[in-house]
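# Breakdown of the fold
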Amino acid sequence: MFSVSALFFTTAVGISPATVGTGLTLAGTCGVVTAFAAGRLCDRFGPRRVLLVAATAQGGALAAYCLTRGAGMFVLVACVAVGAESMQRTSRVALLARAFTGPDRVGVRARLRVVDNVSIAAGSGFAAVALAVGSRSAYVTAVLAAAVLTLVALVPLRALPALRESGGDRPARGGRSPLDDRRYLTATALHAVVSMQFLLLTVGMPLWVTGHTAAPEVTVALLLLLNTGLVSVLQVWSTRLVGDVPSAGRAVFHGTVLLLAACLCYAAAGYPSGAGFAVALLVAAVVAHSLGEIVSETGGWELAFEWAHPADSGAYQGVSQAGVAIGRAVAPVIVTSTAIGLGLPGWLLLGGVFLAAGAGTRALSARRQAPHPTLSAPQAALSARQVP
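Rules used throughout
Residues numbered from 1 in each chain as written. Predicted model: local features only at pLDDT ≥ 70, side-chain atom pairs only at ≥ 80, totals over all residues. Heavy atoms only, no water. Helix = DSSP H or I, 4+ residues; strand = E, 2+ residues; numbered from the N terminus. Rg over C-alpha atoms; globule rule 2.2 N^0.38 Å. Contact = heavy atoms within 4.5 Å. Areas by Shrake-Rupley, 256 points an atom, 1.4 Å probe, with all protein chains shown as cover. Lys, Arg positive; Asp, Glu negative; His and termini not counted. Charge placed at Lys NZ, Arg CZ, Asp CG, Glu CD. UniProt positions renumbered as here; feature names shortened; annotations may be inferred. Polar contact = N/O pair within 3.5 Å; in protein donor to acceptor, adjacent residues only side chain to side chain. Axes fitted to C-alpha atoms, helices over the stretch in contact; angles between N-to-C directions. Parallel < 35°, antiparallel > 145°, perpendicular 65-115°, else oblique. Left-handed = near helix turned anticlockwise from the far one by under 90°. Nonpolar A, V, L, I, M, F, W, Y, C, P; charged D, E, K, R; others polar. Phe/Tyr/Trp six-rings, centres within 6.5 Å; stacked < 30°, edge-to-face > 60°. Buried < 20%, exposed > 50% of the residue type's maximum accessible area, 1.4 Å probe, protein only. Lys NZ or Arg CZ within 6 Å of the ring centre and 35° of its normal.

This part takes up the overall build of the protein. In terms of regular secondary structure, the protein is built from 15 helices and 0 strands. Scaling as 2.2 N^0.38, a compact globule of 388 residues should have a C-alpha radius of gyration of about 21 Å, and the protein matches this with 21 Å. A principal-axis box enclosing the C-alpha atoms of the protein has dimensions of 65 × 50 × 30 Å. Sequence separation of at least 24 residues holds for 84% of the intrachain contacts in the protein that already meet a minimum separation of 6. With the model as given, the accessible surface of the protein reaches about 16,700 Å², and the carbon-plus-sulfur share is 69%. Side-chain charges in the protein split into 27 positive and 15 negative, and the spacing between the mean points of these groups amounts to 4 Å.

Now the structure itself:
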C-alpha cells in the first residue's frame, strides 16, 4: 500500500490528488483519536481482542477501497482504514507492555520493527510489478493482496494465548490517568517532534532529491532501500545502548544529533555540484538519518514503557501512539515549509527542532522522580509470562 496507494487512488479510483490529500489528512486526524481510544479499550477488554478487531476492520477497509466511488466514500473508507491501523499500533505496544518486562519489551519491539522493514521491502517488490504494469486491474490486485494478507494475519493473532490473571483478560485498574501525568505528556510531546523524521525521509527527501539536487531520480529508491537495510540490521543492536531511563534519554539526544547532521548533509547536496558529489552527500545524509532514527526510537520506546503506570499500560501506550500520530500528521506541512521551502535555513531550522526535542528528553530523563508503584503479585506473575 505504501508504494501503490497514491496512484491507485488517482488512477484506479479516479480521485483528484487534492481530494486524496484532504481525505488522508482527515483520516490521519481520525487515526490520532483511535490511537488514544485504543489504549482505553485495551485496558478494558485486553489488547489481544482489540488487535483482532482492528486487524479485521483494516482488512475490510482495504478491500472496500476497490469498491470506492466518489470523494465521500473515499474519505469514509480511508478513516476506517487509517483509524484501524492506528488501533493496531496501540494494541500491539500495549500487548508488549503487558507480556514482557524490563529490557525484554524494548528488545522484542526492536525485533518486530526489523520484521516490519523486511516485510515492507518485500511488499515494495510486489508493488513494483503493479507499478510496472500500470493498469487498473494491476492496482486493484495489489490492494486486494494487501487486504488478504491483513486478514490472513488474524490466524496467528487468534493463536496468541490470552494474558490471564485473576479477573480475566483485563488488568486491575486503579492507576492514574496519563492525561494527569505531566512527565509522560511532556515525553510524548517531545517524541512526537522527533517522530517527524519519518516523514522527512519519505516526503522531504524525495522532493529535495528530485527538485533541488543534481542526483538522478532513481537515487530516491536506492536511498530508501539503504534506510530499510540499516534499520533491519542495526535496530536490535541498538537496544544494547539502553538499559534504564537516563540511558534512554541520552540515546534520544544522540539520535537527534545525528538527525541534525543528516539535515546538514541533505542541505549540502542541494548546492550546485556534480551528480556524483550530490549522491555521496545524500548517502551520508541517509546513513546519519537512519542511525538517528534507530537510536532515538529505541530510547523513546524505553521511556514510553518505563514511565507508564503498570495498572493502566494500555491508556499510557494509547497516549504515546497518539503523540506519534500527531507528529506524523503535521510533519508533511512542517517539512515542506521549512526544508523544501526555505532551503539551507529551513534545513538548519528543522535540524535544530530535532536537537531541541532531544535535549529536552535528555533533561527530563535525568530528573529524579518517584517511580510508579510496582505491580501487584498477580500482575507480576502475568508480566513474567512471555507470549511466544
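Turning next to the UniProt feature "transmembrane region" (unreviewed entry) in the protein. Residues given the UniProt feature "transmembrane region" (unreviewed entry) here are residues 51-82, 139-163, 184-208, 220-239 and 251-269. The distance from the first to the last C-alpha atom of residues 51-82 is 14 Å, and the span holds 84% helix and 0% strand.

The subject of this paragraph is the side chain of Thr298. Relative to the assigned elements, Thr298 resides in helix H12 (residues 275-306). Reaching out from Thr298, the side chain makes a polar contact with the side chain of Gln235 at a distance of 3.0 Å. With residues near it in sequence (within four places) discarded, Thr298 still touches Val106, Gln235, Ser238, Thr239 and Val242.

Looking now at the packing of helix H11 (residues 245-269) against H12. At their nearest, the axes of H11 and H12 sit 7 Å apart, and the two run at 160° to each other. In this view, H11 runs roughly antiparallel relative to H12, as classed from their interaxial angle. Two packed elements cross with a definite hand, and for H11 against H12 that hand is left-handed. Classifying every residue of the contact of H11 with H12 by side-chain character gives 21 nonpolar, 6 polar and 3 charged.

Quick look at the packing of aromatic side chains now. For the structure on display, the rule yields 7 aromatic pairs. Ring centres 4.9 Å apart and planes at 65° place the aromatic pair Phe9 and Phe74 in the edge-to-face group. Of the two residues, Phe9 is situated in helix H1 (residues 5-12) and Phe74 in helix H4 (residues 71-99); the sequence distance between them amounts to 65 residues. Judged by its relative accessible area of 0%, Phe74 is buried. Between Tyr65 and Phe74 the ring centres are 6.5 Å apart and the planes differ by 35°, which places this aromatic pair in the tilted class. Each member of the pair, Tyr65 as well as Phe74, carries the same accessibility label: buried. One aromatic cluster is present, built from ring pairs that chain together Phe8, Phe9, Tyr65 and Phe74. Across the ring face of Phe253, the terminal group of Arg362 is positioned such that the distance to the ring centre comes to 3.9 Å.

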